[in-house]
Every structure is written in structure tokens, then in C-alpha cells.
Amino acid sequence: MNRTAEVVICGAGITGIAAAHFLSKAGMQNILLVDERPPLSLTSDKSTECYRNWWPDAEMLALMNYSIDLMEALADESGNSFHMNRRGYLYVASSEEKVTALKADSLRTSSLGAGELRVHISEDSSYTSAQPEGFRDSPDGADILIGNELIRKHFPYLTEKAVAALHVRRAGWLSAQQLGMYLLETGRMHGVRFESARLSSVDVANGRVRGVKFSSGERIDSPIFINAAGPFLKAVGGLLDVDLPVHTELHLKAAIKDSLHVVGREAPLLIWNETQELLWEAEEREALVEDESTRWLTEPFPSGVHTRPEGAGEDILMLWEYQTKLLEPNDRPPMDDQYPEIALRGLAAMLPRMKEYFARMPRPQLDGGYYTKTRENHPLVGPMCVDGAYVIGAVSGYGIMSACGTGELLARHITGAPLPFYAPAFDLRRYDDPEYRRKLENWGDSGQL
Ligand SMILES: Cc1cc2nc3c(=O)[nH]c(=O)nc-3n(C[C@H](O)[C@H](O)[C@H](O)COP(=O)(O)OP(=O)(O)OC[C@H]3O[C@@H](n4cnc5c(N)ncnc54)[C@H](O)[C@@H]3O)c2cc1C
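The structure reproduced in this document is the subject of the present report. (Residues numbered from 1 in each chain as written. Predicted model: local features only at pLDDT ≥ 70, side-chain atom pairs only at ≥ 80, totals over all residues. Heavy atoms only, no water.)

## Remarks on the overall build of the protein
Now for step 1: A tally of regular secondary structure across the protein gives ten helices and 22 strands.
Now for step 2: Whereas a compact globule of 449 residues would reach a radius of gyration of roughly 22 Å, the protein reaches 23 Å, a difference of no more than 12%.
Now for step 3: On the principal axes, the C-alpha backbone points of the protein span a range of 70 × 50 × 45 Å.
Now for step 4: When contacts within the protein are restricted to residue pairs at least 6 apart in sequence, those whose partners lie at least 24 apart make up 74%.
Now for step 5: For the protein, the computed accessible surface area is about 19,200 Å², with 50% contributed by carbon and sulfur atoms. (Helix = DSSP H or I, 4+ residues; strand = E, 2+ residues; numbered from the N terminus. Rg over C-alpha atoms; globule rule 2.2 N^0.38 Å. Contact = heavy atoms within 4.5 Å. Areas by Shrake-Rupley, 256 points an atom, 1.4 Å probe, with all protein chains shown as cover.)

Written as C-alpha cells, this is what we have:
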């Protein structure tokens, strides 16, 4: 006799675990979570662990606001076991052109439901700094600080060139591993089981899911199957002959010990919002230009290099997508040894004292994983063409912050509970609409760092 489950979920990353948690909360009792790796070990433990409600479209913004509501409730019930803080994101600009764009974009985002926008131009302003730990009694919305003096009063480590800084307040970071384990452990108390196995096929008869098969040959009977396979979403979709419209990009992250304390230990996530050229000594630059393979290091780099302090010691994380690398996912994402030095040099534009590390770079730790993305950078949450089959994924660089929102949304789809207004924006069936497909060709800013 085959074993049975009410629902089988393929993938115990943060999305599969959140789906299992919210299904158990909705009353399902025999939920089998299957992964060939340990829980949370492929992509979900590689993230920067940050969250924000600041998104350029109403649907993403509402999803994130709700996901943060759910995370805050979980933090309250667990005694903040996953160390959620609300230090915010600080977008720093040095050019008038960027300041104008920052103001206009912020007004728009604020009007979509991200909270009040406050502009501060003098020292006696009502701007309040973020508390380093915890998240209660913090403002939401965002503050724009105008003028270098005001900015450096609150963030003295930033460059004298900074002329505006947007401080997004319903934002910060947390321990993704501990959030994931809390969701898993509380799910386990209500019917979630984890099993180590590789899913090799999904059985379908008369257009309905009947069960799944593991590579060991074992079969599980189940009327519901959820694809939460992260970077392998497309491959697992293929087991049901469904071609999911996703691609994967490689994203890296470097950590160093900031022994010179260049980044304030109570800093928010710091993001340089300007394009730039890396700083080199004249002879270095000359040598780099001469060699065709290194010339790109002297050419313009995109905006978006970012950093934040990590943990109680001296570590900082450094991230910069200066090249978009579309790659098929595999078990070991390829690393790029130049990444830490390039990110560090990029950060020197915002944090001038980073230059003190140029001659003697602290030993970096490098890791990373795949962003699994749709064209418009919206997730896939909902039914997957075959009765009883569902998908949750394509959560790109926001899978930690959105996990509670997407997991809860999928549970609503499966249990038939009322859906929020943003559900159709994340449903795979949106691509059936020719008008939507046309819109995709000119999709604007996706808000992804
Ligand atoms: C460098 C970097 C920085 C990031 N920063 C942030 C951030 O600050 N904030 C944020 O919200 N997000 C961030 N992200 C994104 C976030 O980490 C991901 O969106 C999220 O972890 C994806 O979770 P997942 O559950 O979909 O995938 P995964 O964590 O990859 O889990 C998928 C699981 O499916 C399993 N699986 C696949 N196929 C099979 C099969 N056939 N059988 C059995 N098991 C299978 C895999 O083993 C894996 O464990 C970042 C990502 C990276 C790479």
C-alpha cells in the first residue's frame, strides 16, 4: 500500500516551509514537505535577510505590507526568536538628477500605501533615528533627508558628496534561518512532516494530480501537489508538462570583517543610488585599460551597491549586481573571486573610508545563489494548469520578506478562502491574457536591488 498525504510540497526552502505552515494553520493535517537537501540550505540561507514594504507597484506593495504584518505577529508570538529589526533601508544620492527622481518616485510609492513621506531640510527637523533592535514603536513610511550636513549628522560615515537620503522605515532585517525554522517547527506541531527525498515524477490521471514518486521508487498518494522548488521551479513544472515562464540569475554576496569600523554598527541597509566608476590609482587604471580583459573595470558601473552590518561582531555584508548573469541553476552556483574587491571599491563611493582597505583587503567570505524570476519580477502563486497542482516561487531577491505573504496566499487558493485584490497579479493564468503579455514587453522598474 502506498503512503498518503493530503498535500505534498516539493522544496523545503522558505517558500515551501511557509506554504506548509499556513496550510497547517488553515486546518490541513497531513502535509508532506519533501526536499533532497536539508531545509533552507540551497538559496534561503544565502540571502541578505532584508525586508521592506517599499515597492513600485500596488500589488507587490500590498503583498509585502501583509507579509510584514504576518512576520511581526510571528515575532510577537515567538518573543522575536528571529531577531526582526526595523533599521530601514537608506538610499543615498549625490546628484540633483537622482534627488529629483528619488522625490518623485517616493511620493508615488507613498501614495500606493507604503506610508507617509516626510521631507526634512534642517537640523531641527522631526526626523527620528531607527532603534537598532526590535520593530515596535517605529515610524512607517519614509523620511527624505536633504543636505549633507543633516545626512551626516545622523550617518557620519557617509560621503560628503551625499545630498539626499531616503530612509524607508518599514524595513530592516532578520534571521531567515530562524524565521524558517520557527515556521517549520510550529507547522510540525500541526501536521507538517519533513522527509528527505528527491521528487522524480508527479502522477496525473484524467487531468488530476494523484500522487508523486521519489527517486527511491516510493510513491505517495496525494490529491494536491505544490511546486516550491526554488531555482528548479521550471524543471519540476516540466514534470507536469507545464512550461513555467521563469529564468534564473546568479547573485553573490560577500562578507568581510570591518575592523576599521567604516560602517556604523547601528546603520540601516545602506544603498548607493548613483552610477559610478571604480577608484583606481593612475598606474592601476592605465594597466587595466591596456588589457582588453580588464578594461571593463575602468568603465561605468551601475547604481545599487549596498552593505549592512551583520551580527554582534565586526562583520559587514557587501552586495552589488554589476553584471546580470543569466544561468541555468545547478547544485554549486559558480563564484567570482573578483566580486568582493569590486563590491568594496564600489562602496567607497558612499563610504570613503573603505579606501583604507584597498591596499589590504580583509579576507572575504563569498557565497550566493539564484534569483528565480519572471519577466516582470512578480512571483508565481496559485494553480498550475493541472487540477490539484499549485506553484509558489519565482520570488527573485525578495523570497524571505514575501514568504509569509505568499505562503498564506497559496493556502487561500488551496482551501478556497477569499483572495486579496493582488492575487490575480501573481497567478500563472495572468499570462493567458494577450493584453497582459503586451504590457510585459514594456514593464517598468521592478524595484529589485
Ligand atoms: C545573494 C542573495 C541575496 C538575497 N537577499 C534577499 C533579501 O535580502 N531579502 C529577501 O527577501 N530575499 C533575498 N534573497 C532571495 C531569497 O533568498 C530567495 O528568494 C528565497 O530563498 C527562495 O526560496 P525558495 O524556497 O523559493 O527556494 P530555495 O531556498 O532554493 O528552496 C528550494 C528547495 O527545493 C528543493 N528541490 C528542488 N527540486 C527538488 C526535487 N526534485 N526534489 C526534492 N527537492 C527539490 C531544493 O533542494 C531546495 O531546498 C536573496 C538571494 C540571494 C541569492
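## What about the site of the ligand?
Now for step 1: The environment of the ligand is formed by 35 residues, the closest being Asp35, Arg37, Thr43, Ser44 and Met401.
Now for step 2: Ile400 is positioned with one of its backbone polar atoms (N or O) 2.9 Å from an oxygen atom of the ligand.
Now for step 3: Relative to its unbound accessible area of 1,000 Å², the ligand is 97% covered by the protein chains.
Now for step 4: For the shell around the ligand, the secondary structure elements donating two or more residues are helix H1 (14-25), strand E15 (247-257), strand E20 (365-373) and helix H9 (399-415).
Now for step 5: Ranked by the residues each element gives to the shell around the ligand, the list is headed by H9, at three residues.
Now for step 6: A class-by-class count of the residues in the shell around the ligand yields 16 nonpolar, 13 polar and six charged. (Near = heavy atom within 4 Å. Polar contact = N/O pair within 3.5 Å; in protein donor to acceptor, adjacent residues only side chain to side chain. Nonpolar A, V, L, I, M, F, W, Y, C, P; charged D, E, K, R; others polar.)

## A few points about the state of the cysteines
Now for step 1: This model, assessed by the stated rule, comprises zero disulfides.
Now for step 2: Here Cys50 is not disulfide-linked; the sulfur of Cys404 is the nearest cysteine sulfur, at 16 Å.
Now for step 3: Since its relative accessible area comes to 8%, Cys50 is described here as buried. (Disulfide = S-S within 2.5 Å. Buried < 20%, exposed > 50% of the residue type's maximum accessible area, 1.4 Å probe, protein only.)

## So, the sheet that holds strand E11 (residues 199-205)
Now for step 1: The four strands lie next to each other as E1-E13-E12-E11, forming an open sheet whose pairing is mixed. A single partner strand is all that each edge strand has here, and the edge strands are strand E1 (3-4) and E11.
Now for step 2: Judged from the two bridges that link them, E1 and strand E13 (residues 219-221) form a sheet pairing that is parallel. Bridge pairing links Arg3 to Ile220 in E13. (Pairing = 2+ DSSP bridges.)

## Some points on the packing of aromatic side chains
Now for step 1: Per the counting criterion, the structure on display carries 13 aromatic pairs.
Now for step 2: Aromatic side chains Phe421 and Tyr422 sit 5.6 Å apart centroid to centroid with 75° between the ring planes, which places their arrangement in the edge-to-face category.
Now for step 3: Judged by its relative accessible area of 55%, Phe421 is exposed.
Now for step 4: With a relative accessible area of 5%, Tyr422 lands in the buried category.
Now for step 5: Three or more aromatic residues link up through ring pairs in this structure, and these residues are Trp296, Phe301, Trp320, Tyr322 and Tyr339.
Now for step 6: The ring of Trp55 has Arg52 lying over it, and the distance from NZ or CZ to the ring centre is 3.9 Å.
Now for step 7: The ring of Phe358 is capped by Arg345, whose NZ or CZ atom sits 4.2 Å from the centre of that ring. (Phe/Tyr/Trp six-rings, centres within 6.5 Å; stacked < 30°, edge-to-face > 60°. Lys NZ or Arg CZ within 6 Å of the ring centre and 35° of its normal.)

## Some remarks on the sheet that holds strand E22 (residues 389-393)
Paired through their backbone hydrogen bonds, the strands of a sheet run either parallel or antiparallel.
Now for step 1: Spatially, E10-E3-E2-E14-E22-E21 is the arrangement adopted by the six strands of the open sheet, whose pairing is mixed. On the outer flanks of this sheet lie strand E10 (192-196) and strand E21 (380-383), each paired with one strand and no other. Taking the axes of each pair of neighbouring strands and ignoring which way they run, one obtains an average angle of 20° across the sheet.
Now for step 2: Across four bridges, the pairing between E21 and E22 is antiparallel. Residue pairing across strands places Pro383 opposite Tyr390, the latter belonging to E22. (Axes fitted to C-alpha atoms, helices over the stretch in contact; angles between N-to-C directions.)

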